[in-house]
Amino acid sequence: MNLSGIDMTQMTENADLEEQLIDDIADALAQRGFIHLQHLLPKWLALQLMHEAQRLAAFEFKPAGIGRNNHQQVNSQVRTDSTLWLRGNSLTQQAYLDWMEQLRMGLNRRLFMGLFDFECHFSHYSTGDFYQRHLDAFKGRSNRILSSVFYLNPHWSESDGGELLLYADEQPSPLLVVPPEFNSCILFLSDVFPHEVLASHSDRFSIAGWYRVNSQSSDRLDPNQ
Ligand code: OGA
Ligand code: MN
C-alpha cells in the first residue's frame, strides 16, 4: 500500500469487463433504455481517476460550453461546471478509455448499435454549480447515441446535493434520482432521457461520455469536442 491507499500491485492488472456484466447492460438498455450501476470499475482505477480529476481541476479545467464546435458558447444560465476532455494523456485515462472501448465492442456485438467511437470529459461542479434539464442529443441531429456518467465522489451524502435527475420525456417528476457516488455509473440513451444536475453543495467530480455513430455520409467524422 502507498499513502493514497491504492494497492500498487493491482495497478498493472487489466481492467477487464466480464461478459456477464455486458450482458446485463445490454439487456437493460434494450428493455428500458438506461441502467444505473454500482461498484463498476476496479477500485484502484476509480481512485486513480478521482486523484487525476482533483489534481487537474485546479488549473486545466475550463468553463463548460453548450452546443457543438463553432456554435459552442459558455452559458452559465444552463450549466456552470468546468470540464476537461480525456485524451489518453496518462495511463489512468488510457485505462478508462480502454474499459469503455471494451464496453463499446461488447454492446455492438449484442445490440448492433453501431457505436463508432467514444468521447468523454471530466467535470467539476463547485459549490452552487448545476446543469439545467437538457437532452444530450436531438433525434436525427446528433451522432451521440449512448450517454455515460461515471462518478468520483467518496463519502457523498444527501446534504451534498448534486443529484442527477433522469426524466421520461416531458414528465415533471424524475424517473430516477442518481446520487453521484464513488465508482457508480449511469448509462442512458442520449436522445430519449432529459436530465439535470441539481446544485451541488460540495466539490463534485464525474466523467461524462458519449458513444457516437458516424453519421456522416462521407468518410469524414463529425468533428468532435
Ligand atoms: C452532461 C451531464 C450529468 C452529471 O455533462 O451532459 O448531463 O451527472 N452530466 O454530471
Ligand atoms: Mn447531459
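Let me sum up the structure you'll find in this document. Note that the coordinates shown come from a computational prediction; the quantities given were computed from them, not determined experimentally.

### Looking at the overall build of the protein chain
When you go through the protein chain residue by residue, the secondary structure sums to three helices and 11 strands. Along the protein chain, helices and strands appear, N-terminal first, in the series α-β-α-β-β-α-β-β-β-β-β-β-β-β. Burial status across the protein chain gives 48% buried among its 225 residues. Total accessible area on the protein chain is roughly 11600 Å²; 50% of this is exposed by carbon and sulfur atoms.

### What about the coordination of the manganese ion (ligand 2)?
Looking at the metal site, the manganese ion (ligand 2) is ligated by His 134 (NE2), Asp 136 (OD) and His 195 (NE2), spaced 2.1 to 2.2 Å from it. The motif formed by the donor residues of the manganese ion (ligand 2), counted along the single chain, is H-x1-D-x58-H. Of this pair, Asp 136 sits in the loop between strand E5 (131-134) and strand E6 (144-151) while His 195 sits in strand E10 (residues 195-197), and the two are 59 residues apart along the sequence. For His 195, a relative accessible area of 5% gives the class buried.

### Focus: the site of ligand 1
The immediate surroundings of ligand 1 are formed by 14 residues, with His 134, Asp 136, Tyr 151, His 195 and Arg 204 found nearest. Taking Tyr 151, its side chain carries an N or O atom lying 2.6 Å from an oxygen atom of ligand 1. Within the side chain of Arg 204, a nitrogen or oxygen atom sits 2.8 Å from an oxygen atom of ligand 1. Taken by itself ligand 1 offers 300 Å² of open surface, and the protein chains cover 99% of this. Looking at side-chain class alone, the shell around ligand 1 contains eight nonpolar, three polar and three charged residues.

Thresholds applied
- Residues numbered from 1 in each chain as written.
- Chains lettered and ligands numbered in written order.
- Predicted model: local features only at pLDDT ≥ 70, side-chain atom pairs only at ≥ 80, totals over all residues.
- Heavy atoms only, no water.
- Helix = DSSP H or I, 4+ residues; strand = E, 2+ residues; numbered from the N terminus.
- Buried < 20%, exposed > 50% of the residue type's maximum accessible area, 1.4 Å probe, protein only.
- Areas by Shrake-Rupley, 256 points an atom, 1.4 Å probe, with all protein chains shown as cover.
- Donors = N, O, S within 2.8 Å, 3.2 Å for Na, K, Ca; no water.
- Near = heavy atom within 4 Å.
- Polar contact = N/O pair within 3.5 Å; in protein donor to acceptor, adjacent residues only side chain to side chain.
- Nonpolar A, V, L, I, M, F, W, Y, C, P; charged D, E, K, R; others polar.

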